[in-house]
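Structure at a glance
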Amino acid sequence: MRDLAAGMGYLAKGQKWVGRHGRWWAFGMIPALITLAGYAVALFFLGGWAGDVAEWATPFADSWSSLWQDLLRTTLAAVVFVGGLLLSVLTFTAVTLLVGQPFYEELCEKVDETEGGAPTPPEVPLWRELVVAARDSLFVLVRAGGFGVLLFAAGFIPVIGQTVVPVLGFLVSGFFLTLELTSVGLQRRGVPQRERLRLLRGRMGLALGFGVPLVLGFLVPLVTVVAMPGAVAGATLLARDLVPVEEEPPSSEAEDDEEPDAPAVPDLPDHGTQRPVDGNPYSAAPRPLEQNPYRSV
């Protein structure tokens with residue numbers, strides 16, 4: 001329960017951060033707006049074609065009575081549309097992060113700068129960052145899709161399919177959503193994808209506390225666009241605590257190179273021409289001791 005509360009706390013902190021930095025909030029909404037427009041068009045056409053898909057998939061029902069035929073095909077069309085909607089929820093963040101990789105990299109860097117202890121990201125060209133982001137998103141999509149297929153099949157189980165399966169679906173979606181959102185901050189810290197998965201598995205409550213409220217919120221129109229910048233900021237704060245950056249101690253070589261300031265030496269007179277005064281026992285040249293063991297023979 002403590003990790004669940006902590007995950008929701010990071011989500012709230014991220015929204016507060018973008019609230020204090022309004023310019024970055026508007027900047028972070030640009031990729032989400034672009035992606036939302038594309039998904040809205042896709043879902044619009046899917047809603048229009050869902051009936052045709054259901055009719056194409058059930059030719060055996062042509063001889064049924066109109067009541068049962070309509071019931072079957074309407075149900076199947078609804079399943080197709082809901083499946084597309086669920087797929088859009090699962091993939092929206094991945095596509096938005098891919099489209100907005102340069103935007104969210106800047107946003108993540110700004111969060112690190114304001115909070116202190118910013119890491120030094122690896123110097124890689126933009127095209128390579130996009131390739132890595134696409135590969136990581138595909139990694140998450142394949143795993144999430146596997147869970148989605150299993151949950152879809154389990155949805156036909158009586159009672160369990162209408163109660164347990166939807167809850168599991170939200171939990172799975174929340175976990176992978178957290179994995180996607182933290183990828184920017186963890187990638188800046190040099191954490192590979194499989195290690196990110198292991199980190200979040202070890203803090204399952206933290207991942208679910210952060211991701212599940214987002215999944216629920218993203219079901220509401222336009223919440224995705226408004227909340228995405230704060231979600232990225234919150235995920236960066238979460239990544240900072242998962243993999244804290246240790247500040248490097250000052251180099252000892254640099255300290256050795258720095259010589260302490262020598263005290264000022266006043267000008268001294270030339271003692272080369274001076275002679276000891278009379279009676280000075282040190283004026284005579286030193287003579288070796290008779291029993292000096294170090295005297296050369």
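Since the model is a prediction, treat every value here as computed from it, not as a measurement.

**Points about the overall build of the protein**
- Tallying secondary structure elements over the protein gives eleven helices and zero strands in all.
- Listed by position from the N terminus, the elements making up the protein come as α-α-α-α-α-α-α-α-α-α-α.
- Residues counted as buried form 34% of the 297 residues belonging to the protein.
- Residue pairs in contact within the protein that sit at least 24 positions apart in sequence constitute 80% of those at least 6 positions apart.
- Carbon together with sulfur atoms contributes 65% to the accessible area of the protein, which is approximately 18,800 Å² in total.

**Considerations on a nonpolar patch on the surface**
- Among the surface-exposed residues, Ile-157, Val-159, Ile-160, Val-164, Val-167, Leu-168 and Leu-171 lie close enough to one another that they form a single nonpolar patch of about 550 Å² accessible area.
- Tracing the backbone shows Leu-171 in helix H6 (residues 160-181).
- The class of Leu-171 is partly exposed, set by a relative accessible area of 33%.

**Focus: the environment of Val-53**
- Here Val-53 is to be found in helix H2 (residues 22-57).
- Residues Val-53 and Val-80 lie 27 residues apart in sequence; the distance between their C-alpha atoms is 8.1 Å.

**Here we look at the packing of helix H9 (residues 204-218) against helix H10 (residues 223-242)**
- Between H9 and H10, the shortest axis-to-axis distance is 11 Å and the interhelical angle comes to 175°. Taken as axis vectors, H9 and H10 run roughly antiparallel relative to one another. Listed contacts from H10 to Leu-206, Phe-210, Leu-214, Gly-217 and Phe-218 of H9 are Val-223, Thr-224, Ala-227, Met-228, Ala-231, Gly-234, Ala-235, Leu-238 and Leu-242.
- In terms of residue class, the contact of H9 with H10 is built from eleven nonpolar, three polar and no charged.

**Notes on the pattern of salt bridges**
- This model, assessed by the stated rule, comprises six salt bridges.
- One salt bridge in this structure joins Arg-188 and Asp-112, with 3.4 Å as the shortest N-O distance. With Arg-188 in helix H7 (residues 183-188) and Asp-112 in helix H4 (residues 101-115), this residue pair connects regions lying 76 residues apart in the sequence. Comparing Arg-188 with Asp-112, the two get one shared label, buried.
- In this structure, Arg-198 engages Glu-195 in a salt bridge whose closest nitrogen and oxygen atoms are separated by 2.4 Å.

**Observations concerning the environment of Leu-179**
- Relative to the helices and strands, Leu-179 resides in helix H6.
- The class of Leu-179 is buried, set by a relative accessible area of 1%.
- When the C-alpha positions of Leu-179 and Arg-196 are compared, they lie 7.3 Å apart, and in sequence the two are 17 residues distant.
- In contact with Leu-179, not counting residues within four places along its chain, are Val-140, Gln-193, Arg-196, Leu-197 and Leu-200.

**Focus on the packing of aromatic side chains**
- Per the counting criterion, the structure on display carries six aromatic pairs.
- Consider the rings of Phe-175 and Phe-176, whose centres lie 5.5 Å apart with planes at 85°: the pair is edge-to-face.
- In this structure Phe-176 comes out as buried when scored by relative accessible area, which is 7%.
- Members of the aromatic cluster, connected to one another through ring pairs, are Trp-24, Phe-27 and Phe-103.
- The ring of Tyr-10 carries the charged tip of Lys-13 above its face, separated from the ring centre by 5.2 Å.

**Some thoughts on the nonpolar core**
- Tyr-104, Leu-181, Phe-210, Leu-214 and Met-228 are the most contacted members of the largest nonpolar core, which has 48 residues in total.
- Broken down by element, the residue count for this core peaks at ten residues, all from H10.
- Ignoring any residue separated from it by four or fewer positions in sequence, one finds Tyr-104 in contact with Gly-28, Pro-31, Ala-32, Thr-96, Leu-97, Val-184, Met-228 and Val-232.

**Some words on the side chain of Thr-35**
- Among the structural elements, Thr-35 can be located in helix H2.
- Setting aside its immediate chain neighbours within four residues, Thr-35 contacts Phe-92, Val-95, Thr-96 and Val-99.

**Re H10**
- In this model, H10 (20 residues) spans 27 Å end to end at C-alpha, consistent with the 28 Å of a helix rising 1.5 Å per residue.
- When you tally the buried positions in H10, you get 17 out of 20 residues, the bulk of the element.

**Overview of the confidence of the model for the protein**
- Summarising the model, the protein shows a mean pLDDT of 76, and 74% of its residues fall at 70 or more.
- Helix H1 (residues 2-20) holds the highest mean pLDDT among the elements of the protein, 89, whereas helix H11 (residues 252-257) holds the lowest, 46.
- Counting interchain partners and residues more than four positions distant, the pLDDT-below-50 stretch residues 248-258 has one contact.

Criteria and cut-off values
- Residues numbered from 1 in each chain as written.
- Predicted model: local features only at pLDDT ≥ 70, side-chain atom pairs only at ≥ 80, totals over all residues.
- Heavy atoms only, no water.
- Helix = DSSP H or I, 4+ residues; strand = E, 2+ residues; numbered from the N terminus.
- Buried < 20%, exposed > 50% of the residue type's maximum accessible area, 1.4 Å probe, protein only.
- Contact = heavy atoms within 4.5 Å.
- Areas by Shrake-Rupley, 256 points an atom, 1.4 Å probe, with all protein chains shown as cover.
- Patch = residues over 30% accessible without salt bridge, like charges linked within 9 Å, V, L, I, M, F, W, Y side chains within 5 Å.
- Salt bridge = Lys/Arg side-chain N within 4 Å of Asp/Glu carboxyl O.
- Axes fitted to C-alpha atoms, helices over the stretch in contact; angles between N-to-C directions.
- Parallel < 35°, antiparallel > 145°, perpendicular 65-115°, else oblique.
- Nonpolar A, V, L, I, M, F, W, Y, C, P; charged D, E, K, R; others polar.
- Phe/Tyr/Trp six-rings, centres within 6.5 Å; stacked < 30°, edge-to-face > 60°.
- Lys NZ or Arg CZ within 6 Å of the ring centre and 35° of its normal.
- Core = buried A, V, L, I, M, F, W, Y, C linked by side-chain atoms within 4.5 Å.
- Expected span 1.5 Å × (residues − 1).
- pLDDT = per-residue confidence, 0-100.

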